[in-house]
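# Examining the three-dimensional arrangement
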Amino acid sequence: MSSEQYSLKICCMGAGYVGGPTMAVIAAKCPHIKVTVVDISVKQIAAWNSSSLPIYEPGLQELVESVRGKNLFFSTEVDATIAEADIVFVSVNTPTKTAGIGKGFASNIKNVELCARKIAEVSTAGKIIVEKSTVPVRTADSIKRVLKSASPYEFQVLSNPEFLAEGTAVNDLLFPSRVLIGGEQTPGGLKAIDTLVQVYANWVAAPQIITTNLWSSELSKLVANAMLAQRVSSINSITALCERTDADVDEIARAIGADPRIGSKFLKASVGYGGSCFQKDILNLVYICESFGLKECADYWNQVVLMNEYQKKRFAMNMVKTMFNTVTSKKIAIFGFAFKKDTGDTRETAAAFVMKDLLDEQAILHVYDPQVTREQMMLEFQYTLNVTEETTPGLNRLIITCDSVLEAARGAHAIAVMTEWDEFTSCDYKALYDIMEKPAFFFDGRNVAPHAQLREIGFEVYAIGKPQDKLF
Ligand code: NAD
Ligand code: UGA
């Protein structure tokens, strides 16, 4: 199709976990729309144009290959792509601020503002700007003011937060629970909302497309993540009590989840939630509440974060305590480093926090994850925890990356499951036991391994929120 034949041209700024998959699905479902994803990272765009995509998501490679070069393009030509677009999605990263006002809590919308400035600079006509990034409520106001002050053209700003979860991104985008679009309740705003509704209507049924005012849409995204994380912290808060009372957290989750008012999802106890968004978005919500003087509301949500910190710390401390109060120079096999299964993403992974506590005790960690490279792991330690060879002398000796569970477990005193990868549910645990030091400890931070079988083999098992071995 020549450029003029497309019914609409979309530009997406930011070719990350959200921008890439989201635009691939729009392109696949709307062959009449030209979709171009741009990024300031040349490396990132090169990877999207290669046979080895920059992110791992089931089904993504096939999906991208089915439309790339047809109506989906990845480019570093930021200015020209914005200029020709009717709709510009802003899908850049909005991490927690590391300095200045709101440090450690507020989201940094620097990248979003830079996008707005760039759009104003290179546009030769008015456009619809779509906030896809997760942003503090009322960010659209800032975008509008930047655009208005720097461009003579008319722009409509919409909020269209993304609800995909990593590891299931393609499926979530193809079959979304809902699509949320917020916009100004003016004739111009409503028209822009309708234009975006028509894009999604190519594959999403009308009742699932929810339209609201701008601020409800922006705030709904933060509230959705806060409520999901709250469920994880709530079930995790019960695990310590289960361990003291011989109740079983999975049985409790089943029993309470059968009540449709509670629901069965997001009740899987764990070593703690991770990922790039839960922590950042709740901290942002806490900050926003505080900045409006709503201390009680801020404290309420902050408790979800504190419970998660407690869970990670509790797991590590329990490992040390169980292994005779010392793990110094002991080899520990770490199964999984990604923040959840089916993704190579390591941002804020609970594994890093547990490993940091074990490193402080001078344990030797042999890590196996099917999707995470050593380079990525070390970057995560540096970025989130400031753990480097400089801050933790001997780090490169204390963390050894392995290519298989067997390699990781050889000579180990313990195995700790950090990510619920399917392969950890059905390993040849007898073979692993045979090559480990004895007593062989097993710490299941995800409750995915066959605990009864492990005990039969001879392992001493600790599982989150489960009745404990009386040996301890
Ligand atoms: P990411 O870090 O994977 O990707 C962001 C990309 O934006 C990077 O490639 C970066 O180079 C690019 N970028 C930064 N500034 C730019 C600019 N000025 N112009 C062009 N490109 C620029 O981030 P992500 O995980 O895709 O998240 C993006 C946003 O979506 C965040 O606000 C996040 O909270 C939200 N979100 C993420 C997920 C998720 O699962 N990761 C889900 C829903 C919402
Ligand atoms: C989450 C939300 O689920 C998405 O809707 C949202 O779009 C996204 O954040 C975002 O804004 O970035 P994601 O972080 O990719 O998605 O993954 P989740 O499946 O939500 O898991 C988050 C963390 O919670 C993981 O570490 C996971 O292992 C943990 N978790 C989840 C549990 O410990 N127990 C559960 O029952 C569910």
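Heads up: these notes are all about the structure in this document. Keep in mind that this is a model prediction, so the values were computed, not measured.

We now examine the overall build of the protein. Tallying secondary structure elements over the protein gives 18 helices and 14 strands in all. Expected size for 472 residues packed as a compact globule is a radius of gyration near 23 Å; at 24 Å, the protein falls within 12% of this value. Expressed as lengths along the three principal axes of its C-alpha atoms, the size of the protein is roughly 75 × 50 × 45 Å. With 472 residues in all, the protein has 54% of them scored as buried.

A few words on the environment of Ser404. Looking at where Ser404 falls in the secondary structure, it is placed in the loop between β11 (399-401) and α16 (405-409). Note on Ser404: relative accessible area 26%, which makes it partly exposed. Engagement of the side chain of Ser404 in a polar contact is seen with the backbone nitrogen of Glu407, the distance being 3.1 Å.

Let us look at helix α11 (residues 278-291). Its 14 residues give α11 an end-to-end C-alpha distance of 20 Å, which sits within 8% of 20 Å, the value for a rise of 1.5 Å per residue. Burial analysis of α11 places 11 of its 14 residues in the buried class, the great majority of the element. For α11, the set of buried residues is Phe278, Gln279, Lys280, Asp281, Ile282, Leu283, Asn284, Leu285, Val286, Ile288 and Cys289. On its buried side, α11 packs onto α9 (214-245) and α12 (295-322). Looking one or two residues beyond α11, the residue adopting positive phi is Gly293, at roughly 75°.

What characterises a pair of aromatic rings is the spacing of the ring centres plus the angle enclosed by the ring planes. In this structure the tally under the stated criterion is 16 aromatic pairs. Ring geometry for Phe441 versus Phe443: centroids 6.2 Å apart, planes at 20°, classification stacked. Three or more aromatic residues link up through ring pairs in this structure, and these residues are Phe315, Phe324, Phe441, Phe443 and Tyr462. Directly above the ring of Tyr433 sits Lys438, whose terminal nitrogen or CZ lies 4.6 Å from the centroid.

Look at α9: 48 Å from first C-alpha to last across 32 residues, which is about the 46 Å you get at 1.5 Å a residue. Of the residues one or two after α9, Asp246 is the one with positive phi, at around 65°.

Looking now at the site of ligand 1. Around ligand 1, a shell composed of 24 residues is seen, among which Val18, Asp39, Thr94, Glu166 and Lys280 lie nearest. Taking Glu166, its side chain carries an N or O atom lying 2.8 Å from a nitrogen atom of ligand 1. A distance of 3.1 Å is found between an oxygen atom of ligand 1 and a side-chain nitrogen or oxygen belonging to Arg347. Taking 830 Å² as the accessible area of ligand 1 by itself, protein coverage stands at 89%. In terms of residue class, the shell around ligand 1 is built from eight nonpolar, 10 polar and six charged.

Here the focus is the site of ligand 2. Inspection of the region around ligand 2 gives 20 residues, with Phe163, Leu164, Ser270, Cys277 and Arg446 positioned closest. Here an oxygen atom of ligand 2 and a backbone polar atom of Glu166 are 2.7 Å apart. In the environment of ligand 2, an oxygen atom lies 2.6 Å from a nitrogen or oxygen atom belonging to the side chain of Ser270. Here the shell around ligand 2 takes four residues from α9, the largest share from any one element.

As for its placement among the helices and strands, Ser133 is situated in the loop between β5 (128-131) and α6 (139-150). Reaching out from Ser133, the side chain makes a polar contact with the backbone oxygen of Val92 at a distance of 2.6 Å. Excluding residues within four positions of it along the chain, Ser133 makes contact with Val90, Ser91, Val92, Thr94 and Val112.

Summarising the sheet, strand β7 (residues 179-183) and strand β8 (residues 209-213) pair through five bridges and their orientation is parallel. Counted as the bridge partner of Val179 is Ile209 from β8. For the crossover from β7 across helix α8 (residues 187-200) to β8, the handedness is right-handed.

What follows is about empty space enclosed by the protein. Counted by the stated rule, this structure contains one cavity of 30 Å³ or more. The volume enclosed by the largest cavity comes to roughly 30 Å³. As for the largest cavity, its lining consists of Glu131, Ser133, Thr134, Val135, Ser159, Pro161, Glu218 and Lys221. Classifying every residue of the lining of the largest cavity gives two nonpolar, three polar and three charged.

A few words now on the sheet that holds β11. The strand order across the open sheet built from six strands is β11-β10-β9-β12-β13-β14, with neighbouring strands paired in parallel fashion. A strand with exactly one partner marks an edge of an open sheet, and here the two such strands are β11 and β14 (460-463). Across the sheet, the mean angle separating the axes of adjacent strands is 20° when strand polarity is ignored. Bridging between strand β9 (residues 331-335) and strand β12 (residues 414-417) involves four bridges; their strand directions are parallel.

Further remarks concern the nonpolar core. Grouped together as the largest cluster of nonpolar side chains are 69 residues, with contacts concentrated most on Ile332, Phe335, Leu358, Phe381, Phe424, Tyr429 and Phe459. In this structure, Ile26, Ala169, Val170 and Ile181 belong to the second largest nonpolar core, which totals 43 residues.

Looking now at the environment of Thr349. Looking at the secondary structure, you find Thr349 in the loop between β9 and α13 (350-360). Separated by 75 residues in sequence, Thr349 and Gly274 place their C-alpha atoms 4.4 Å apart. Among residues more than four places away in sequence, those in contact with Thr349 are Gly274, Gly275, Phe337, Ala338, Phe339 and Glu380. Looking at Thr349, its side chain comes within polar contact range of the main-chain oxygen of Ala338, at 3.5 Å.

This part covers the packing of α6 against α9. Contact pair α6 / α9: the axes reach a minimum separation of 9 Å and the direction vectors enclose 125°. Here α9 runs oblique to α6, going by the angle between their axes. Along the contact surface, α6 presents Thr139, Ala140, Asp141 and Lys144, while α9 presents Leu214, Trp215 and Glu218. When grouped by side-chain class, the residues that make up the contact of α6 with α9 number three nonpolar, one polar and three charged.

Conventions used here
Residues numbered from 1 in each chain as written. Chains lettered and ligands numbered in written order. Predicted model: local features only at pLDDT ≥ 70, side-chain atom pairs only at ≥ 80, totals over all residues. Heavy atoms only, no water. Helix = DSSP H or I, 4+ residues; strand = E, 2+ residues; numbered from the N terminus. Rg over C-alpha atoms; globule rule 2.2 N^0.38 Å. Buried < 20%, exposed > 50% of the residue type's maximum accessible area, 1.4 Å probe, protein only. Polar contact = N/O pair within 3.5 Å; in protein donor to acceptor, adjacent residues only side chain to side chain. Expected span 1.5 Å × (residues − 1). Contact = heavy atoms within 4.5 Å. Phe/Tyr/Trp six-rings, centres within 6.5 Å; stacked < 30°, edge-to-face > 60°. Lys NZ or Arg CZ within 6 Å of the ring centre and 35° of its normal. Near = heavy atom within 4 Å. Areas by Shrake-Rupley, 256 points an atom, 1.4 Å probe, with all protein chains shown as cover. Nonpolar A, V, L, I, M, F, W, Y, C, P; charged D, E, K, R; others polar. Pairing = 2+ DSSP bridges. Right-handed = clockwise from strand over helix to strand, strands pointing away. 1 Å grid on protein atoms, 1.4 Å probe; cavity = no way out; pocket = protein on both sides within 12 Å on 5 of 7 lines; lining within 4 Å. Points joined across faces, edges and corners; volume = space filled by probe spheres on them. Axes fitted to C-alpha atoms, helices over the stretch in contact; angles between N-to-C directions. Core = buried A, V, L, I, M, F, W, Y, C linked by side-chain atoms within 4.5 Å. Parallel < 35°, antiparallel > 145°, perpendicular 65-115°, else oblique.

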